[in-house]
Amino acid sequence: MGNSWFLGILLPIFLCLYVFGGFVNGLGVNWGTMAIHKLPPKTVVQMLKDNGIKKVKLFDTDSNTMSAFAGSDLEVMVAIPNDQLLAMNSYNRAKKWVRRNVTKYNVNGGVNIKYVAVGNEPFLTAYNGSFINTTFPALQNIQNALNDAGVGDSVKATLPLNADVYNSPDSNPVPSAGRFRTDISGLMTQIVDFLSKNRAPFTVNIYPFLSLYGHDDFPFNFAFFDGGNPIVDNGIQYTNVFDANFDTLVSALKAAGYGDMTIIVGEVGWPTDGDKNANLANAQRFYNGLWPRLASNTGTPLRPGYIEVYLFGLIDEDAKSVAPGNFERHWGIYRYDGQPKFPLDLSGQNQNRFLIGAQNVEYLPKRWCVFNPNAKDLSNLTDNIIYACTFSDCTALGYGSSCNNLDANGNASYAFNMYYQVQNQNDMACNFQGLGTVTTQNPSQGSCNFIIQFASSSSSIGPSLVGIAFLTVLTSLLL
């Protein structure tokens, strides 16, 4: 045999490291599934494995998704949505939930569940206190149920929170002055104490992009990692908003008496469409700065060293609410069809290459629905655009977005095609009272991509009031 066994085992490993350069230690991704057409869970799990991503954060416990993780050894954070928090205030309900969604999979060849996310940013100021009274009891019941089930040492309940739960006063806006928000300070101290006693982490979502969104006076470069003018705090220089935000939390925890608590960054990322600052170039710039910091375990000035991070997100979600902004549907490093948007290097060495995409995706025929240039009666054009966009995703048409430069006919074509693809290219879905027509010529222009949808059994969506309100404004701008 000689040394052939050695080469047979190690050569594939070396080739993998050569091609991908290794991976950021502890890197995870958020996999949301609010999409009109969904890739098969097994396809997505294989895509994660192909790219060496070992940790995944979910937003539910869908049985098909969980089954796809069985035997994969990928580390999974499952989740309880906000609308189930009240139910989890019953300890019996919490115990049943743990049995059905955690211990059920705690078998040989099962799912490697490490965390249970109890709610998702339930204390957002935009929620006006809707979950203030139900979140902590739910957290307590879930962790206690995990403990009673005998898995509490290996599976921890955590509470993903938005960074708006802490701040620094306007009179001293520096990280060292960080404190929990005054209206929830007492509640946060109780939550942190409970997490600490159960050796569970504090989970926070940090979004440098949101510092720019709607804040034209925010220093642009400070949202990235390569050139922001520093803020000096007690001799410490902060050159980016991520470090400053993270250390504001560190200070808030220290002020509450828990300065050594483990912190997980549950979500961090950059959208690629839906706003003037949401584009491929800015996203790549952000990740080119983030990955090397994670790979080198730089940490932050107040918390140097390793930080566990979950990227947001994996795949675009075209059925998400656009209430926070049109960018909400474009956080993925992968497109709707599981194909990479731009080159990345998960090793943090900035040797950017396209990640491995979803395999064996079956697309619909190369047909598009566009505005019929021979149409005579245009009186119903606005109504038809509103209808098309109510049942599909037209956020790329918004101000500063990838399709913002289309003319009136192009806007109509884009809207018609999005609806046509949602409806699996049904012939009747390109009528629009005679205003639409099917073409085999790709109408994409520049950065504006007219998609071809992939075949999927999940392809229906109802209108939302938020979406309709957005569309009413949008069409007034487009026509």
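Anything mentioned here points back to the structure above.
Below: a short report on this structure. Source: prediction; values computed, not measured.

### A word on the overall build of the protein
Move 1: Scanning the protein from terminus to terminus reveals 12 helices and 17 strands.
Move 2: The C-alpha atoms of the protein give 24 Å as radius of gyration, which agrees with the globular expectation for 479 residues (23 Å, within 12%).
Move 3: Dimensions of the protein, computed from the C-alpha atoms along their principal axes, are close to 75 × 70 × 50 Å.
Move 4: By residue count, 54% of the 479 residues in the protein fall in the buried class.
Move 5: Of all intrachain contacts in the protein linking residues separated by at least 6 positions in sequence, the fraction that spans at least 24 positions is 72%.
Move 6: Accessible area of the protein: about 21,100 Å², with a carbon and sulfur share of 51%.
Move 7: Of note, the protein has its 31 positive side-chain charges centred 8 Å away from the centre of its 36 negative side-chain charges.

### Description of the sheet that holds strand β6 (residues 160–162)
Move 1: Within the open sheet, the nine strands sit side by side as β5-β4-β3-β2-β1-β15-β12-β9-β6. Their pairing is parallel. Among the strands making up the open sheet, the edge pair consists of β5 (156–158) and β6. Adjacent strand axes in the sheet meet at a mean angle of 25°, parallel and antiparallel pairs treated alike.
Move 2: Pairing of strand β1 (residues 27–30) with strand β2 (residues 55–57) involves three bridges; the strand directions are parallel.

### Focus: the layout of surface pockets
Move 1: When its volume is computed, the second largest pocket comes out at roughly 570 Å³.
Move 2: As for the second largest pocket, its lining consists of 26 residues, of which Asp273, Asp316, His330, Ser402 and Asn449 are closest to the centre.
Move 3: Of the residues that constitute the lining of the second largest pocket, the class distribution is nine nonpolar, eight polar and nine charged.

### Points about the nonpolar core
Move 1: Core analysis: the largest hydrophobic core is formed by 131 residues, its most contacted members being Phe69, Val116, Ile142, Phe202, Tyr287, Trp291 and Phe416.
Move 2: Top contributing element to this core by residue count: helix α11 (residues 408–422), with seven residues.
Move 3: Setting aside its immediate chain neighbours within four residues, Tyr287 contacts Gly269, Trp270, Pro292, Leu311, Phe312, Trp331, Ile333, Phe342 and Leu344.
Move 4: Of all hydrophobic cores here, the second largest spans six residues; its members include Met77, Ala79, Tyr115 and Ile264.

### Brief notes about helix α9 (residues 280–295)
Move 1: Between its first and last C-alpha, α9 extends 22 Å over 16 residues, near the 22 Å set by a 1.5 Å rise per residue.
Move 2: If you follow the buried residues of α9, they end up packed against β1, α7 (208–212), α8 (241–255), β12 (263–268), β13 (299–300) and β15 (308–311).
Move 3: Following α9 by one or two positions, Asn297 adopts a phi angle in the positive range, close to 55°.

### Observations concerning the pattern of salt bridges
Move 1: Per the counting criterion, the structure on display carries 15 salt bridges.
Move 2: As a salt-bridge pair, Asp164 and Arg181 come within 3.6 Å of each other at their nearest N and O atoms. Pair noted here: Asp164 is in the loop between β6 and β7 (166–167) and Arg181 is in the loop between β8 (179–180) and α6 (185–197), with a separation of 17 residues, a long-range link.
Move 3: Arg181 sits in the buried class, given a relative accessible area of 9%.
Move 4: Across the pair Asp193 and Lys197 runs a salt bridge, and its minimum N-O distance is 3.1 Å. You can see Asp193 and its partner Lys197 sitting in helix α6, four residues apart, about one turn around the helix.
Move 5: A relative accessible area of 22% means that Asp193 is categorised as partly exposed.
Move 6: In the salt-bridge network here, residues are joined through shared partners; they are Lys55, Glu75, Lys114 and Glu308.

### Quick notes on the state of the cysteines
Move 1: By the definition in use, this model includes three disulfides.
Move 2: Between the sulfur atoms of Cys403 and its disulfide mate Cys448 the distance is 2.0 Å. Between Cys403 and Cys448, the disulfide has an S-S torsion of 95° and is therefore right-handed. Of this pair, Cys403 sits in the loop between α10 (381–390) and α11 while Cys448 is found in the loop between β17 (436–439) and α12 (465–478), placing the two residues 45 residues apart along the sequence. Neither residue differs from the other here; Cys403 and Cys448 are each classed as buried.

### Overview of the side chain of Thr134
Move 1: Examined against the element boundaries, Thr134 turns out to sit in the loop between β4 (112–118) and α5 (135–148).
Move 2: Sequence-distant contacts of Thr134, that is, excluding residues within four places in its chain, are made with Leu85, Leu86 and Asn89.

### Notes on the side chain of Thr203
Move 1: Structurally, the position occupied by Thr203 is in strand β9 (residues 202–205).
Move 2: A polar contact of 2.7 Å, which involves the side chain of Thr203, links it to the side chain of Thr158.

### A closer look at α8
Move 1: Its 15 residues place the ends of α8 21 Å apart at the C-alpha level, agreeing with the 21 Å of an ideal helix rising 1.5 Å per residue.
Move 2: Taken across its 15 residues, α8 has 13 buried, putting it largely inside the fold.
Move 3: Here α8 starts with a cap whose side-chain oxygen sits 3.2 Å from the backbone nitrogen of Phe242, and that cap is Asn240.

### Observations concerning the packing of α5 against α6
Move 1: α6 packs onto α5 with a crossing angle of 5° between their chain directions and a minimal axis gap of 11 Å. Here α5 lies roughly parallel to α6, going by the angle between them. Residue-level contacts link Phe136, Leu139, Gln140, Gln143 and Asn144 of α5 to Leu187, Gln190, Ile191, Phe194 and Leu195 of α6.
Move 2: Looking at the contact of α5 with α6 residue by residue, the classes come out as six nonpolar, four polar and no charged.

Basis of the calculations
Residues numbered from 1 in each chain as written. Predicted model: local features only at pLDDT ≥ 70, side-chain atom pairs only at ≥ 80, totals over all residues. Heavy atoms only, no water. Helix = DSSP H or I, 4+ residues; strand = E, 2+ residues; numbered from the N terminus. Rg over C-alpha atoms; globule rule 2.2 N^0.38 Å. Buried < 20%, exposed > 50% of the residue type's maximum accessible area, 1.4 Å probe, protein only. Contact = heavy atoms within 4.5 Å. Areas by Shrake-Rupley, 256 points an atom, 1.4 Å probe, with all protein chains shown as cover. Lys, Arg positive; Asp, Glu negative; His and termini not counted. Charge placed at Lys NZ, Arg CZ, Asp CG, Glu CD. Pairing = 2+ DSSP bridges. Axes fitted to C-alpha atoms, helices over the stretch in contact; angles between N-to-C directions. 1 Å grid on protein atoms, 1.4 Å probe; cavity = no way out; pocket = protein on both sides within 12 Å on 5 of 7 lines; lining within 4 Å. Points joined across faces, edges and corners; volume = space filled by probe spheres on them. Nonpolar A, V, L, I, M, F, W, Y, C, P; charged D, E, K, R; others polar. Core = buried A, V, L, I, M, F, W, Y, C linked by side-chain atoms within 4.5 Å. Expected span 1.5 Å × (residues − 1). Salt bridge = Lys/Arg side-chain N within 4 Å of Asp/Glu carboxyl O. Disulfide = S-S within 2.5 Å. Polar contact = N/O pair within 3.5 Å; in protein donor to acceptor, adjacent residues only side chain to side chain. Parallel < 35°, antiparallel > 145°, perpendicular 65-115°, else oblique.

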